[in-house]
Amino acid sequence: MSIPSGFSPPLARERLVSALAAEPPRLDLAALAIATLAQPLLDAPGCLHMLDVLACRVQVEAERLSEKGEVLASLRALRHVLADIEGFRGNEDDYHSPENSFLDQVLERKLGLPITLSVVYLEVARRAGISLYGVPFPGHFLVAHDAGDHKLVMDPFHHGDILTEHGCAELLKRVAPQLKFDRSMLAPAPVELIAYRMLSNLRRVYLGREDCERGLAVVDMLLLLAPDHPGELRTRAALLSSLGAYRAALKDVERCLALSPDAPDRDRLEMTARELRERAALLN
């Protein structure tokens, strides 16, 4: 089983573990660790410096607008620098490009997914002293400021638009119409969850392209964050089997059986386990 040229799963995993082990966990470094999958030689210091420079510009703009109210002025300054001046925006023309999930590419191209653009907003805001947190909104990541009795929500994908709760409810109708809006949808997302969701997006891209090797590398990282996730274990087992790694696939299937003895698909899992044992035996 070969690793695709230019792809570096071991380095990416190592850097992700280090980023999440920091106190507090480092979102910027976690996002760059994920980007390392595709670009092991990426200029991480250069990316961090770019975030620093953007934050300085936001601070200057916030001071200029401070007479309009400190919190709102800061958010408007953040939006003005990132969306109006720098042009960070959602990549609606090529939404499923893997580059949209890599922070270094987003900083260079100023195009990305809701979640990677949110990482830019969050990390620039943190450096500029603006209180902002990630919102794992269904189908469309957002960022928000908790103003006590209400929340000020921003949509980095759509030019940093500031949304009311009504605006969030309207957004939900577009991105996940089967759900009903609830304020709990605006709860903060920890760094681990943001990293998991970034990797989930990348997994969908690679599996949609039937790129099993890259998909497997991403699923490995997802299982690094959630070792006993039954869905990811099933996905990895299927990928490993398709690549001829029957013994490794069998371990994941057996792990699924041990974790969920009453799983609705237990009969299917047991049949898959038998087939994998037979295939592995033929390799001897």
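So, here is what we can say about the structure in this document. Since the model is a prediction, treat every value here as computed from it, not as a measurement.

### Observations concerning the sheet that holds strand β5 (residues 151–155)
Judged by pairing direction, the sheet is antiparallel, and its four strands sit side by side in the order β3-β4-β5-β6 without closing on themselves. Looking along the sheet, the strands with just one partner apiece sit at the ends: β3 (133–135) and β6 (161–163). Taken over all neighbouring pairs, the strand axes of this sheet differ in orientation by 35° on average, direction set aside. Relative to β6, β5 runs antiparallel, the two being bridged by three bridges. Pairing of Val 153 across the sheet is with Leu 163, part of β6.

### Section: the packing of aromatic side chains
Tallied over the full model, the rule gives two aromatic pairs. With a centroid separation of 5.8 Å and 70° between ring planes, the pair formed by Tyr 95 and Phe 157 is classed as edge-to-face. Pair noted here: Tyr 95 is in the loop between β1 (89–90) and α5 (103–109) and Phe 157 is in the loop between β5 and β6, with a separation of 62 residues, a long-range link. Aromatic side chains Phe 137 and Phe 181 sit 6.4 Å apart centroid to centroid with 45° between the ring planes, which places their arrangement in the tilted category. Placement of the pair is Phe 137 in the loop between β3 and β4 (142–146) and Phe 181 in the loop between α7 (165–175) and α8 (191–208), with a sequence separation of 44 residues. A relative accessible area of 0% means that Phe 137 is categorised as buried. The exposure class of Phe 181 is partly exposed, given its relative accessible area of 21%.

### Notes on the pairing of β4
Counting buried positions along β4 gives four out of five residues, so the element sits mostly inside the fold. The pairing of β3 with β4 spans three bridges and is classified as antiparallel. When the bridges of β4 are listed, Val 135 appears paired with Leu 142. The loop that links β3 with its antiparallel partner β4 comprises six residues; one of these, Gly 139, has a positive phi angle of about 75°. The turn joining β4 and β5, which pair antiparallel and follow one another in sequence, is formed by four residues; a positive phi near 90° is taken by Gly 148.

Calculation criteria
Residues numbered from 1 in each chain as written. Predicted model: local features only at pLDDT ≥ 70, side-chain atom pairs only at ≥ 80, totals over all residues. Heavy atoms only, no water. Pairing = 2+ DSSP bridges. Helix = DSSP H or I, 4+ residues; strand = E, 2+ residues; numbered from the N terminus. Axes fitted to C-alpha atoms, helices over the stretch in contact; angles between N-to-C directions. Phe/Tyr/Trp six-rings, centres within 6.5 Å; stacked < 30°, edge-to-face > 60°. Buried < 20%, exposed > 50% of the residue type's maximum accessible area, 1.4 Å probe, protein only.

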